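Structure assessment
Take a look at the letters that make up each chain.
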Amino acid sequence: MNDLRGRRVRLLGFAALIVAGLAATAYGTGRLGYPAAEASLTAPENGVLRATLPNGLRVVLVRNALAPVVATSVNYLVGSNDTPDGFPGTAHAMEHMMFRGSPGMSADQLANIGSVMGGNFNANTRENLTQYLFTVPAEDLDVALNIEAVRMQAILSDEKDWAQERGAISQEVASNMSSPNYLLFAKLREIMFKGTPYEHDALGTRPSFEKTTAADLKAFHETWYAPNNAVLVVVGDLDLQKTLAKVTQLFGGIARKDIPAHPEINLQTVMPSEPLSIPTDSASSALVLAMRMPGLDHPDFPALEVLSDVLNSARGDFYALVPAGKALATSFSMSPLQKVSLAYAALSFPADQDAKAAEAELRAVLGKIVREGVPAELVAAAKIQEQRQAEFQKNSISGLASIWSEAVAVCGLTSPDEDLQRIEKVTVEDVNRVARQYLDLDNAVVAVMVPRETGAPVESAGFGGQESIQLGEAEPTKLPDWAESALNRLSVPRSSVKPIVSTLSNGLTLIVQPADVSDSVTVYGHIKSRPEVNVPAGKEGLSDILDQLFEYGSESLDRIALQEALDEIGAEESAGTDFSVRTLTRDLDRGLQLLADNQLRPALPDDAFNIIKDQTARVVTAQLKSPGYLMQRALRESLFPATDPSLRDATPESVRAITLVDIKDYYKKTFRPDLTTIVMVGKIAPEQAKLSIEKYFGAWKAEGPKPPIDLPVAVANKPSTVAVPDESRVQNSVILAQTVPLNRSNPDYYAINLGTAVLGGSFYSTRLSIDLRKNAGLVYSVGADINAGRTRGNYFIQYASDPENVSKAQAIVVRELKQLQDVPVGDEELRRVKALMLRQIPLGESSIGRIASGLAGRWDLDLPLDEPTRAAERYVAMTPGEIQAAFKKWIRPDDLVRITQGPPPQ
């Protein structure tokens, strides 16, 4: 599926590499009172208003009233292509320094404002684009716009700030260099785009950052950051005309600049290359055929998008390698740039399978398509799916902002619909022509990702606790008047989610939330289940096999027939413990019929079972030796006693002992309506929703007693330190954790959660980010979380750092935990964190998916469906003493276990 419809490229984890960008959180000050200027604008149409200010800033405003939330995206038309020779990460470093303050807005002010707004405060850098993103409550839109107007004018970028940020960005580089997927992507770029700016991505290198100065970055901003080199997109619950007036007021007085020409892209012939071999910590191998194809501005690109969809069809010959037992998964995707694209045909397979045989299968499938073309019915199905995606994309405010930014700023289109119009014109002949022309198998670059076994986990020396790094403080910062007045409130926000709940006669719970932002309905179902306590002893791995068998259709519709029926209505469906379907409202009845048929009457074919069982056993054999698995295993062994059900992992022997009778018995025992909830969100009345669910799920019956669904209460763990060697990483991934005998319904959960937000709730302004990233540069990111279920909880802190900094960072974490126990949180700091937590309510309702998963998740935890509002009321009333008492009662800083994956930590 093409990018503009909202489905990102799929490549067994190869997508979302560098463009994921910073997990930064933004905050700011700005200058109000710019003189109003006349804007060139088009009349609002279908909730969209476009304008161009006299200084050249292009503005796109899109109304979407799903929730009282807005998303902003400032897209600067500059990226890694435009960096000076020898400094490939300049644009990326510039992105980082945009969070270090501007004239009239210090970094502390920026951090404090952003921490209060509570939304997504992010950025990313690509080859020809740098984006700055907010998702915030609608009432904070003016604050977000003020920040972006100030940052567009200038940055502070002094040497002290850059020295600190250099440490953080170096950790980001180390993190990517520890990723096998990233290393593969980078090597393919070097081969495919040699001699062009595309040869390197936006990440940058440690040596180049060492040579970069704060003055270099300031000059880069002065050259490229200008209104006439930017596109501002705002989506959400907004008044179009008032928002345009505010944008004009804030941005209209910023002077335009003479923007340099972007470098030319002169592609060279791809030279023959030996197959690449990349070690990976995955439990399975992957083979990639990479090919160079036309870019976004080429007239053949729409046909290539359709070809990509066809190759990814579950009805196609490529995917057919999976049910034939020749692959675990298949994918065809494109990473499109303006002038050229990288296309990947990839498949994964068990580590003991011959890579040459996998390559032969892949080449045979693609070669047949080149010779014979693609089925016309798959082209038609792809185009129907594109049409449906045009409606589905309205179901997420931030997602819609991303799609509009991609269309206008990256692809040079007037709207996402323009891409749909181009695709609708694509013919079968067009798809076959581009397949013959661009599926250039003779010049494809071959790469194989090979699982690498690791040494056994070993106990390692813990931190000595003698580090003398100065801890940062989240000091109160005076904010600009416009920010102070907007962010100084501590009131419980209004929730737009008012679900209607009913229970069918068979015990199934139905939750319905009407929403009319699109002509679609999303259905999400969940069965309360715990394989750890329900799978028979010696049959571990059974639930994983069952999950995969649902892909093989129902008793009445086999795999191909089911997918064909779904393609006819452009629906997306999946069955299992978590099941779902998404359709247009007019197709809901048929979509529910297909979902129920697959969920309640799965085919469970014998031949598919045998293939999946064999593949699973082979994958498990490799998995038991993979660093990623060994890290998670070491964590569980450190936290829980040997008899804990969470330690029941599949082995090759347990998988091979499973029979199809076991699968059917387990399905009958655990898949039952009285443990099931179905959430429906979309354009449908609750009465009609109940009739539809009763029609297709009402005859579902439960037999026998309910199976157990809870894990036992965990006892307190003892401290331990385990290092999992991983030669593929240059940086350590670190988990600090402990068991907490506190469940999700315990009143103290809220005090622990609020205190955890003080530690790591948002970017820069919370304690761990200040200590570990902003001041010390020891990590790129750090997160803290209390993970509480129905019966027990765990406390986690995660970060990644160079080996020599692992213990330094841990020492700081322990000190901060003890600080929360010894000293009450300051009033100003607590007020800021409370404001952050309160603003999470509307943000949790900013997409249909988040609404559905939130309702289902609360039901699974036996919480009231309006729990977020009740939590907000608790947070408003909570005192520093309650947080201090809860951390004294439940958190044991000296009992943390530390698990690392990577080089030997210090």
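See the structure shown above.
Okay, so let's go over this structure. Values in this document were obtained by computation on a predicted structure and should not be read as measured data.

1. Digging into the packing of helix 9 (residues 301–311) against helix 14 (residues 428–438)
Taken N-terminus to C-terminus, the directions of helix 9 and helix 14 make an angle of 90 degrees; their axes are 9 Å apart at the nearest point. Taken together, the axis directions place helix 9 and helix 14 in an arrangement best described as roughly perpendicular. Between helix 9, through Ala303, Leu304, Val306 and Leu307, and helix 14, the contact on the second element is made entirely by Asp430, Val431, Val434, Ala435 and Tyr438. Looking at side-chain class alone, the contact of helix 9 with helix 14 contains 8 nonpolar, no polar and 1 charged residues.

2. A word on unusual backbone geometry
In this structure, leucine 604 takes a positive phi of about 50 degrees despite not being glycine. Notably, aspartate 862 is not glycine yet its phi reads approximately 60 degrees, a positive angle. Within the secondary structure layout, aspartate 862 lies in the loop between helix 30 (848–860) and helix 31 (867–877).

3. A look at the packing of helix 4 (residues 159–177) against helix 26 (residues 767–775)
At a minimum axis separation of 8 Å, helix 4 and helix 26 run at an interaxial angle of 95 degrees. Relative to helix 26, helix 4 is oriented roughly perpendicular. Between helix 4, through Gln164, Glu165 and Ala168, and helix 26, the contact on the second element is made entirely by Arg773, Lys774 and Asn775. Of the residues belonging to the contact of helix 4 with helix 26, the class tally is 1 nonpolar, 2 polar and 3 charged.

4. Topic: the sheet that holds strand 10 (residues 276–280)
Ordered in space as 10-14-11-13-12, the 5 strands form an open sheet in which the pairing is mixed. On the outer flanks of this sheet lie strand 10 and strand 12 (329–336), each paired with one strand and no other. Taken over all neighbouring pairs, the strand axes of this sheet differ in orientation by 20 degrees on average, direction set aside. Two elements, strand 11 (residues 284–294) and strand 13 (residues 340–350), share 11 bridges in a ladder whose sense is antiparallel. For alanine 286, the partnering residue across the bridge sits in strand 13 and is serine 348.

5. Details of the packing of aromatic side chains
Applying the stated rule across the entire model yields 17 aromatic pairs. Here the aromatic rings of phenylalanine 99 and tyrosine 132 are separated by 6.3 Å at their centres, their planes lie at 45 degrees, and the arrangement is tilted. One end of the pair, phenylalanine 99, is in the loop between helix 1 (90–97) and strand 5 (101–102); the other, tyrosine 132, is in strand 8 (residues 130–137), and 33 residues separate them in sequence. In this structure, phenylalanine 99 and tyrosine 132 share a single accessibility class: buried. Residues phenylalanine 550 and tyrosine 667 carry aromatic rings whose centres are separated by 6.2 Å and whose planes lie at 55 degrees to one another, so their mutual orientation is tilted. Highlighted residues: phenylalanine 550 in the loop between helix 17 (542–549) and helix 18 (559–569) and tyrosine 667 in helix 23 (residues 660–670), separated in sequence by 117 residues.

6. A short note on the pattern of salt bridges
Per the stated rule, a full pass over the model turns up 46 salt bridges. For arginine 151, the salt bridge identified is with glutamate 148, shortest N-O distance 3.0 Å. Here glutamate 148 and arginine 151 lie together in helix 3 (residues 141–153), a separation of 3 residues that amounts to about one turn. Glutamate 148 matches arginine 151 in its accessibility class, with the two residues each being buried. The salt bridge partner of lysine 889 is aspartate 748, with a shortest N-O separation of 3.6 Å. Of this pair, lysine 889 sits in helix 32 (residues 880–890) while aspartate 748 sits in helix 25 (residues 748–760), placing them 141 residues apart in sequence. Three or more residues are tied together by salt bridges with common partners; here these are Arg100, Asp161, Glu165 and Arg773.

7. Brief notes about the sheet that holds strand 17 (residues 509–514)
Ordered in space as 16-17-21-18-20-19, the 6 strands form an open sheet in which the pairing is mixed. Two strands lie at the open edges of the sheet, namely strand 16 (500–503) and strand 19 (572–574), each paired on one side alone. Between one strand axis and the next, the sheet turns through 15 degrees on average, direction left out of account. Across 6 bridges, the pairing between strand 17 and strand 21 (residues 676–682) is parallel. Among the inter-strand pairings, threonine 509 is bridged to a residue of strand 21, identified as threonine 677.

8. Focus: the nonpolar core
Residues Leu307, Phe332 and Leu347 are the most contacted members of the largest nonpolar core, which totals 77 residues. One finds Leu53, Met105, Tyr225 and Leu244 within the second-largest nonpolar core, a separate group that totals 63 residues.

9. Things to note about the pairing of strand 16
Along a regular strand, successive side chains alternate from one face of the sheet to the other. Looking at chain direction, strand 16 and strand 17 are connected through 4 bridges and run antiparallel. Paired with serine 502 across the strands is leucine 510, a residue of strand 17. Turn length for the strand 16-strand 17 hairpin, with the two strands adjacent in sequence and antiparallel, is 5 residues, and the turn residue glycine 507 shows positive phi of about 95 degrees.

10. Focus on the side chain of aspartate 300
Among the secondary structure elements, aspartate 300 is positioned in the loop between strand 11 and helix 9. You can call aspartate 300 buried: its relative accessible area is 9%. Those residues in contact with aspartate 300 that lie beyond four places of it in its chain are Arg433, Val434, Gln437 and Tyr438.

11. What about the pairing of strand 18 (residues 520–527)?
Most of strand 18 sits out of view: 7 of its 8 residues are buried. Here strand 18 runs beside strand 20 (residues 578–584); their pairing, made up of 7 bridges, is antiparallel. Bridged to valine 521 within strand 20 is threonine 583. When strand 18 meets strand 21, the two strands line up antiparallel, connected through 7 bridges.

12. Brief notes about helix 24 (residues 686–697)
The terminal C-alpha atoms of helix 24 lie 16 Å apart, and with 12 residues this matches the ideal 16 Å at 1.5 Å per residue to within 8%. Every buried residue of helix 24 is listed here: Pro686, Ala689, Ser692, Ile693, Tyr696 and Phe697. Along the axis of helix 24, the buried positions cluster into a sector of 125 degrees, meaning they face one direction only. Exposed and oriented more than 90 degrees from the buried face of helix 24 are Glu687, Leu691 and Lys695. Looking at the packing, one finds that the buried side of helix 24 touches strand 16, strand 17, strand 20, helix 19 (588–600) and strand 21.

How each quantity is defined
Residues numbered from 1 in each chain as written. Predicted model: local features only at pLDDT ≥ 70, side-chain atom pairs only at ≥ 80, totals over all residues. Heavy atoms only, no water. Axes fitted to C-alpha atoms, helices over the stretch in contact; angles between N-to-C directions. Helix = DSSP H or I, 4+ residues; strand = E, 2+ residues; numbered from the N terminus. Parallel < 35°, antiparallel > 145°, perpendicular 65-115°, else oblique. Contact = heavy atoms within 4.5 Å. Nonpolar A, V, L, I, M, F, W, Y, C, P; charged D, E, K, R; others polar. Pairing = 2+ DSSP bridges. Phe/Tyr/Trp six-rings, centres within 6.5 Å; stacked < 30°, edge-to-face > 60°. Buried < 20%, exposed > 50% of the residue type's maximum accessible area, 1.4 Å probe, protein only. Salt bridge = Lys/Arg side-chain N within 4 Å of Asp/Glu carboxyl O. Core = buried A, V, L, I, M, F, W, Y, C linked by side-chain atoms within 4.5 Å. Expected span 1.5 Å × (residues − 1). Arc of directions from axis to C-beta.

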